Amino acid sequence: MSEPLLNIDSVTKNFGGFTALSNVTTEVQVGERFGLIGPNGSGKTTLINCISGLLNNDGGTITFDGHNLNGMKAHKRTAAGITRTFQIPRPFHSMTVMDNLKIPIEFVSGTGASQAAIAEQAMSILETMGMAEKAHQETSGLTQIELRKLELARAIAAKPKLLISDEAMAGLTGNEVDEVLEILISFNEQGMTIIMIEHIMRAVMQFSHRVICLDAGELIAEGKPDEIVKDKGVERAYLGV
Amino acid sequence: MIMRYKFEIGCVAFLVLAFILTQLGLNRFFFFAGFAVLQFIMIATAWNILGGYGGYINFGTAGFLGVGSYTSIALIQWSNVSIVPQIIAAAALAGLLGLAIGYFTLRLKGVYFAIATLALAIVLETVVNNWDFVGGAAGISILPTRKPELLGAVIVDRKIGVFGNYKEFLFFLIAGMTIFSVWVARTIEKGKLGRGLNAIKDNEEAAESMGVPTLRLKLIATTISGALMGAAGGIFPSYLTFIDPLTAFNLEFAVYSLAMPMIGGTFTWIGPVLGGLLLGTVQQVAIVTISSELNLLILGVVLVVFVTFAPHGLVGWFMKKN
Ligand SMILES: Nc1ncnc2c1ncn2[C@@H]1O[C@H](COP(=O)(O)OP(=O)(O)OP(=O)(O)O)[C@@H](O)[C@H]1O
Ligand SMILES: [Mg+2]
């Protein structure tokens, strides 16, 4: 098998005396659709923060596309090809939807391009996301699904090699979940590797090639979706028995 | 074509107007008051680069102004350096100070950053209070250089100078510096730096995650903002002809530099210009007619009214009307 795109080796993260991640080891292949599940507070977002650089892991090593990420600033990791969405959407609220997308284009994927070219790229992503008619709206007027789509659109605008989606579907209806799934799968088919964190089991299982499950900061299972669904440890973690 | 350079044409027109005003033999008080208003606009504009665009509240304006003032004083004391190099040195030193302060404090968020910058102003004032070379706590009088020359032309002289007296010259100088500051602020606002700073203001972690080098942009902003404040301070001793630490590091500047952009509107360069014009004028009128304590009280009331009824300042209020 070829080199993995992302290699997570014995990653540990403590908050004071509390261990949020303990010796997590896994890898994500190029082009893979990778599911990350686990009950509330199991450390999923913390792991994403360590990968994207908003937190620094206390132990272990994360390697991406041949770069050792330890100590690398978050914006450098974005430039290297990792972008993430936030579980609670964090739009640039003083900007229009379009201007939100222009930030990662101007700073990452299209540095040096003219404003017109940047706007064109932003618009084309909004079109794929079915948000073109919202382009010039302020973000304060957006609905829940629109905010979540904006979160994804803005991350995609950075043209990442690896997109990490942190619960992009929470609070969405069945149809809306399908819509977002379709978008993610189409970007994956164009070559984007995707890590999806999700509580909606149907969505992760349908989406993922491979799934890992965290519980209390430890990796307790790793496998194909159908194996994970049957896994006794995963069942226990979710049922809390 | 002309529309495209509207702003630049406006700048030149303003400078020409300022120059003509100096040639009319107006009362000296006009230039004294006009200088103060322009200096207010310059300070507000400088503050807004970090505070308005980037969302980092700098309470240390007095510190940057004071460093600028005392750079000039030190240069005069050292070897009677003339005004333009004084201002350039003041800007350079205050810019470096901005960079250093930025480096050590920009990891602090919100109110902690504001407190750190306020502390800076107080520390610097204490240093100058104990530095006799520049007059210490008692202050120092300076004499304007006689017949300053630039490129062979006599700048200030009642008969043969470009300007009839020093006040007129300083008025024209601060007009140029103010225009330059507004041009800098507008260039930042319309460029990548301004957009990056706006993203930082909206959500710093999201900005960093979207590839914005947040620390670098904040450092650039504190450096430029500090340098412009330093320049505004560097010209201050020549204007006042007497300066002491209490005046140079006057904490009222912290309040004014924050109030002017808030009243005018922080998200565009016009805001600080309007706010500075308004508060500067009110302050000059108030100095003549009422006491300075009452003056601050009025400012307080005006601020509360604006924060309540026009949170986006005059600019926001006008835009909503249309
Ligand atoms: N900055 C922090 N400081 C202290 N504790 C934290 C911090 N961030 C997370 N934690 C703790 O670490 C644990 C893991 O949190 P994390 O957000 O990674 O969980 P999660 O798996 O994403 O949960 P959820 O499904 O609810 O989003 C939780 O107990 C949380 O309280
Ligand atoms: Mg989470």
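Fair warning: this is a prediction, and the values are worked out from it, not measured in the lab.

Rules used in this analysis
Residues numbered from 1 in each chain as written. Chains lettered and ligands numbered in written order. Predicted model: local features only at pLDDT ≥ 70, side-chain atom pairs only at ≥ 80, totals over all residues. Heavy atoms only, no water. Contact = heavy atoms within 4.5 Å. Buried area = accessible area lost by both parts, 1.4 Å probe. Salt bridge = Lys/Arg side-chain N within 4 Å of Asp/Glu carboxyl O. Polar contact = N/O pair within 3.5 Å; in protein donor to acceptor, adjacent residues only side chain to side chain. Helix = DSSP H or I, 4+ residues; strand = E, 2+ residues; numbered from the N terminus. Pairing = 2+ DSSP bridges. Axes fitted to C-alpha atoms, helices over the stretch in contact; angles between N-to-C directions. Donors = N, O, S within 2.8 Å, 3.2 Å for Na, K, Ca; no water. Buried < 20%, exposed > 50% of the residue type's maximum accessible area, 1.4 Å probe, protein only. Near = heavy atom within 4 Å. Areas by Shrake-Rupley, 256 points an atom, 1.4 Å probe, with all protein chains shown as cover. Nonpolar A, V, L, I, M, F, W, Y, C, P; charged D, E, K, R; others polar. Phe/Tyr/Trp six-rings, centres within 6.5 Å; stacked < 30°, edge-to-face > 60°. pLDDT = per-residue confidence, 0-100. Expected span 1.5 Å × (residues − 1). Arc of directions from axis to C-beta.

**Q** Describe the interface of chain A and chain B, with residues and values.
**A** Taken together, the contacts link 22 residues of chain A with 18 residues of chain B. When residues of chain A are sorted by the area they lose upon contact with chain B, A:His75, A:Phe92 and A:Phe107 head the list and together hold 32% of the total. Counting the contacts that link chain A with chain B gives two salt bridges. Across the pair B:Glu205 and A:Arg90 runs a salt bridge whose closest N-O atoms are separated by 2.7 Å. Linking chain A with chain B are eight residue pairs in polar contact (both at pLDDT 80 or more). Put simply, the parts of the chain that give the side of chain A that touches chain B at least two residues each are helix 2 (74-80), strand 6 (82-84), helix 3 (97-109) and helix 5 (144-157) of chain A.

**Q** Please give an account of the sheet that holds strand 3 (residues 33-37) of chain A that cites residues and values.
**A** Residues and elements named next belong to chain A. One open sheet accounts for six strands, arranged 6-7-8-3-9-10; its pairing is mixed. Two strands close off the open sheet at either side, each with one partner strand: strand 6 and strand 10 (218-223). Between one strand axis and the next, the sheet turns by 20 degrees as a mean value, whatever way the strands run. Relative to strand 10, strand 9 (residues 210-215) runs antiparallel, the two sharing five bridges. Bridging across to strand 10, aspartate 215 finds its partner in glutamate 218. On the sheet, helix 5 packs against strand 6 and strand 7 (162-166) and is oriented at approximately 165 degrees with respect to strand 7. Set on the sheet, helix 6 (residues 174-189) makes contact with strand 3, strand 7 and strand 8 (193-197); between it and strand 8 the angle comes to about 150 degrees.

**Q** Lay out the coordination of the magnesium ion (ligand 2) in plain terms, naming residues and giving numbers.
**A** Residues and elements named next belong to chain A. Taken together, Thr45 (OG1) and Gln87 (OE1) make up the full set of protein donors to the magnesium ion (ligand 2), lying 1.9 to 2.2 Å away. In this pair, threonine 45 is assigned in helix 1 (residues 44-52) and glutamine 87 in the loop between strand 6 and helix 3, connecting sequence segments 42 residues apart. The class for threonine 45 is partly exposed, based on a relative accessible area of 25%.

**Q** I'd like to hear about the environment of B:Ser69, residue by residue, with values.
**A** All names here are of chain B. Position of serine 69 among the secondary structure elements: in helix 3 (residues 61-79). Judged by relative accessible area, which is 0%, serine 69 ranks as buried. C-alpha separation for the pair serine 69 and alanine 46, spaced 23 residues apart in sequence, amounts to 16 Å. Here serine 69 is in contact with Gly233, Gly234, Phe236, Pro237, Ile243 and Ala248, once residues within four sequence places are set aside.

**Q** Give me the lowdown on the pattern of salt bridges, citing residues and values where you can.
**A** A complete count under the given rule lists twelve salt bridges over all chains for this structure. A salt bridge links A:Asp99 to A:Lys102; the nearest nitrogen and oxygen atoms lie 3.4 Å apart. Of this pair, A:Asp99 and A:Lys102 both sit in helix 3, three residues apart, which is roughly one turn of the helix. Residue classification places A:Lys102 among the buried residues on the basis of a relative accessible area of 18%. Note that A:Glu106 and B:Arg195 form a salt bridge whose closest N and O atoms lie 2.7 Å from each other. Placement of the pair is A:Glu106 in helix 3 and B:Arg195 in helix 7 (residues 192-202), with the two residues belonging to separate chains. Here B:Arg195 falls in the partly exposed class, since its relative accessible area comes to 23%. Sharing partners across several salt bridges, the network here consists of A:Glu32, A:Arg210 and A:Glu222.

**Q** Before we move on, can you summarise the site of ligand 1 with the specific residues and values?
**A** Residue and element names in this part refer to chain A. Of all residues adjacent to ligand 1, which total 14 residues, the nearest are Gly41, Lys44, Thr45, Thr46 and Gln87. At 3.2 Å from an oxygen atom of ligand 1 is found a main-chain nitrogen or oxygen belonging to serine 42. Note that an oxygen atom of ligand 1 is positioned 2.8 Å from one of the side-chain N or O atoms of lysine 44. About the coverage of ligand 1: the protein hides 62% of its 640 Å² of free accessible area. Elements with a minimum of two residues in the shell around ligand 1: strand 2 (18-28) and helix 1. For the shell around ligand 1, the element with the most residues is helix 1, which contributes three residues. Class assignment of the residues belonging to the shell around ligand 1 gives a composition of four nonpolar, eight polar and two charged.

**Q** Explain the packing of aromatic side chains residue by residue, including any values.
**A** Aromatic rings considered in pairs are described by the distance between their centres and by the relative angle of their planes. Residue and element names in this part refer to chain B. For the structure shown, the criterion picks out 20 aromatic pairs over all chains. With a centroid separation of 6.0 Å and 15 degrees between ring planes, the pair formed by tyrosine 70 and phenylalanine 249 is classed as stacked. Of this pair, tyrosine 70 sits in helix 3 while phenylalanine 249 sits in the loop between helix 11 (245-248) and helix 12 (252-264), placing them 179 residues apart in sequence. Taken individually, tyrosine 70 and phenylalanine 249 each receive the classification buried, so the pair is uniform in this respect. An aromatic cluster of three or more residues is present, and its members are Phe19, Phe163, Tyr166, Phe169 and Phe172.

**Q** Give a description of the pairing of strand 8 of chain A that names residues and reports values.
**A** Side-chain direction in a regular strand flips from residue to residue, so the side chains alternate between the two faces of the sheet. Residues and elements named next belong to chain A. Extensive coverage of strand 8 is indicated by the burial of five of its five residues. On strand 8, burial covers both faces: Thr193, Ile195 and Ile197 on one face and Ile194 and Met196 on the other are all buried. Direction of pairing for strand 3 relative to strand 8: parallel, over a ladder of four bridges. In the strand pairing of strand 8, phenylalanine 34 is matched with isoleucine 195. Pairing between strand 7 and strand 8: five bridges, direction parallel.

**Q** Before we move on, could you go through the confidence of the model for chain B and cite the residues and values that matter?
**A** Looking at chain B as a whole, its pLDDT mean stands at 88, while 95% of the residues score no less than 70. Across the assembled chains, the prediction reports ipTM 0.94 with pTM 0.93.

**Q** So, the sheet that holds strand 2 of chain A: which residues are in play, and what are the values?
**A** Residue and element names in this part refer to chain A. Across the sheet, which stays open at both edges, the four strands sit in the order 2-1-4-5 with antiparallel pairing between neighbours. Where the open sheet ends on each side, the last strands, each with one partner, are strand 2 and strand 5 (67-68). In this structure, strand 1 (residues 6-15) lies alongside strand 2, joined through seven bridges in antiparallel fashion. Residue pairing in the sheet places leucine 6 in a bridge with valine 28 of strand 2. Most of the contacts of helix 1 go to strand 1, to which it runs at about 115 degrees, and overall it touches strand 1, strand 2 and strand 4 (59-64).

**Q** Kindly report on helix 6 of chain A, identifying the contributing residues and their values.
**A** All names here are of chain A. Taking 1.5 Å per residue, 16 residues should reach 22 Å; helix 6 reaches 22 Å between its end C-alpha atoms and fits that length. Among the residues of helix 6, those classed as buried are Val177, Val180, Leu181, Ile183, Leu184, Phe187 and Asn188. Relative to the axis of helix 6, the buried residues are bounded by an arc of 160 degrees and lie together on one face. Facing away from the buried side of helix 6, by more than 90 degrees, are the exposed residues Asn175, Glu182 and Glu189. Buried-residue contacts for helix 6 involve strand 3, helix 4 (115-128), helix 5, strand 7, strand 8 and helix 7 (201-207). Residue glycine 191 follows helix 6 closely and has a positive phi angle near 110 degrees.

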